[in-house]
Amino acid sequence: MVALSVSQAVASRRSIRAFTDRAVDGGLLRELLDKARQAPSGGNVQPWHVAVLTGARLARLVEETRAAMLNPDSRESPEYRIYPEGLPDPWRARRSANGEALYASIGVEREDRMGRMAQISKNFEFFGAPVGLLIHTPDFMGKPQWADLGMWLQTFMLLLTEAGLGSCAQEAWSAYPQTVKRIGEVPDDHIFFCGMAIGYPNPDAPINSFANPRAPLDETVRFLDD
Ligand SMILES: Cc1cc2nc3c(=O)[nH]c(=O)nc-3n(C[C@H](O)[C@H](O)[C@H](O)COP(=O)(O)O)c2cc1C
């Protein structure tokens, strides 16, 4: 297999939300996680902590989260807000465009609340992926260290892409921090940031191939006069 260039890996990585049954080799996963240690971070602090779940442990998380979801008495308190309250445009519009494109790819109409809920609930099964990660950091870490978590995430996702694996980072799991932390043995004084589903992409699933364009360069980058 010819290795992808960095540009090719960046261009071809996309969130994968449907996987084949093919198992992920444990040695390969370890090798990629080992390479991802090279991600940069402010002061080289390396604030990322990662739990790798497979097999019975992953199944237990899925099962117990489903139980928590169905039990109105076990409402969990998220440890952070995923989006700012009242997120204005253009960010709000970008977020809805992503949702529209995703739901259109699986034939779920705008008014189909149940259809949307069904797709959202697949988050809590790691979209059927054979590997699930839980990413967390000590709760005293600040915004700069949270940004470093993103550095690690993208570094690792590009390495997965190079290895032919698909992934989807998942903030959705932050809705169930207590269950996630219990099953993932995350220390109490850590904040759970996100999950990640990992496996071999199902090439036939439309949800893996809808267009999700980015804002034009001039909307996010300003080239200032000399
Ligand atoms: C930190 C982070 C958390 C995310 N959480 C979720 C999630 O909970 N569920 C989901 O379906 N997608 C999730 N995504 C995927 C984004 O929706 C996706 O990255 C974005 O729409 C861009 O599409 P692409 O990854 O296919 O290029 C997350 C992405 C990131 C970086």
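Note that the structure is a prediction, hence the values are computed from the model and not measured. (Residues numbered from 1 in each chain as written. Predicted model: local features only at pLDDT ≥ 70, side-chain atom pairs only at ≥ 80, totals over all residues. Heavy atoms only, no water.)

Some remarks on the overall build of the chain
Inference 1: Looking only at helices and strands, one finds 8 helices and 4 strands in the chain.
Inference 2: Taking 2.2 N^0.38 as the reference for a compact globule, 226 residues should give roughly 17 Å; the C-alpha atoms of the chain span a radius of gyration of 18 Å, in line with that estimate.
Inference 3: When burial is assessed residue by residue, the chain has 40% of its 226 residues classed as buried.
Inference 4: Put simply, 84% of the contacts in the chain that link residues at least 6 apart link residues at least 24 apart.
Inference 5: About 13,400 Å² of surface is accessible on the chain, with carbon and sulfur atoms providing 54% of the total.
Inference 6: If the 24 positive side-chain charges of the chain are averaged to one point and the 28 negative ones to another, these points end up 1 Å apart. (Helix = DSSP H or I, 4+ residues; strand = E, 2+ residues; numbered from the N terminus. Rg over C-alpha atoms; globule rule 2.2 N^0.38 Å. Buried < 20%, exposed > 50% of the residue type's maximum accessible area, 1.4 Å probe, protein only. Contact = heavy atoms within 4.5 Å. Areas by Shrake-Rupley, 256 points an atom, 1.4 Å probe, with all protein chains shown as cover. Lys, Arg positive; Asp, Glu negative; His and termini not counted. Charge placed at Lys NZ, Arg CZ, Asp CG, Glu CD.)

Remarks on the pairing of strand S2 (residues 131-138)
Inference 1: Across the 8 residues that make up S2, a large majority, 8, are buried.
Inference 2: Two elements, strand S1 (residues 49-54) and S2, share 6 bridges in a ladder whose sense is antiparallel. Note that in S2 the partner of Ala51 across the bridge is Leu134. (Pairing = 2+ DSSP bridges.)

What about the pattern of salt bridges?
Inference 1: All told, the structure shown has 11 salt bridges when counted by the stated rule.
Inference 2: In this structure, the salt-bridge partner of Glu125 is Arg66, at a minimum N-O distance of 3.5 Å. Of this pair, Glu125 sits in the loop between helix H5 (113-122) and S2 while Arg66 sits in helix H3 (residues 55-70); the two residues are 59 residues apart in sequence, bridging distant segments of the chain.
Inference 3: Given a relative accessible area of 32%, Glu125 falls into the partly exposed group.
Inference 4: In this structure, Lys181 and Glu79 form a salt bridge, with 2.7 Å as the shortest nitrogen-oxygen distance. Taken together, the residues Lys181 in helix H7 (residues 177-183) and Glu79 in the loop between H3 and helix H4 (91-105) connect sequence positions 102 residues apart. (Salt bridge = Lys/Arg side-chain N within 4 Å of Asp/Glu carboxyl O.)

What to know about the pairing of strand S3 (residues 166-170)
Inference 1: With 4 of its 5 residues buried, S3 lies for the most part within the structure.
Inference 2: In the sheet, S3 pairs with strand S4 (residues 190-199) via 5 bridges, with the strands oriented antiparallel. Looking at the pairing, Gly166 lines up with Gly199 of S4.

Re the site of the ligand
Inference 1: Around the ligand there are 15 residues in total, and Ser15, Arg17, Glu171, Ala172 and Arg214 lie nearest to it.
Inference 2: Ala169 places a polar main-chain atom, nitrogen or oxygen, 3.1 Å from a nitrogen atom of the ligand.
Inference 3: One nitrogen or oxygen atom from the main chain of Ala172 is found 2.8 Å from an oxygen atom belonging to the ligand.
Inference 4: Taken together, the residues that form the shell around the ligand break down as 5 nonpolar, 5 polar and 5 charged. (Near = heavy atom within 4 Å. Polar contact = N/O pair within 3.5 Å; in protein donor to acceptor, adjacent residues only side chain to side chain. Nonpolar A, V, L, I, M, F, W, Y, C, P; charged D, E, K, R; others polar.)

A look at the sheet that holds S3
Inference 1: A sheet is described by the order of its strands in space; here 4 strands give the open sequence S1-S2-S4-S3, paired in antiparallel fashion. Taken across any chain shown, the strands that pair with only one partner, and hence form the sheet edges, are S1 and S3. The mean inter-strand angle of the sheet, taken between neighbouring strand axes irrespective of direction, is 25°.
Inference 2: Against the sheet, H3 contacts S1 and S2, and its axis sits at roughly 100° relative to S1.
Inference 3: On top of the sheet, helix H6 (residues 143-162) reaches S1, S2, S3 and S4; it is set at about 10° to S4, its chief contact. (Axes fitted to C-alpha atoms, helices over the stretch in contact; angles between N-to-C directions.)

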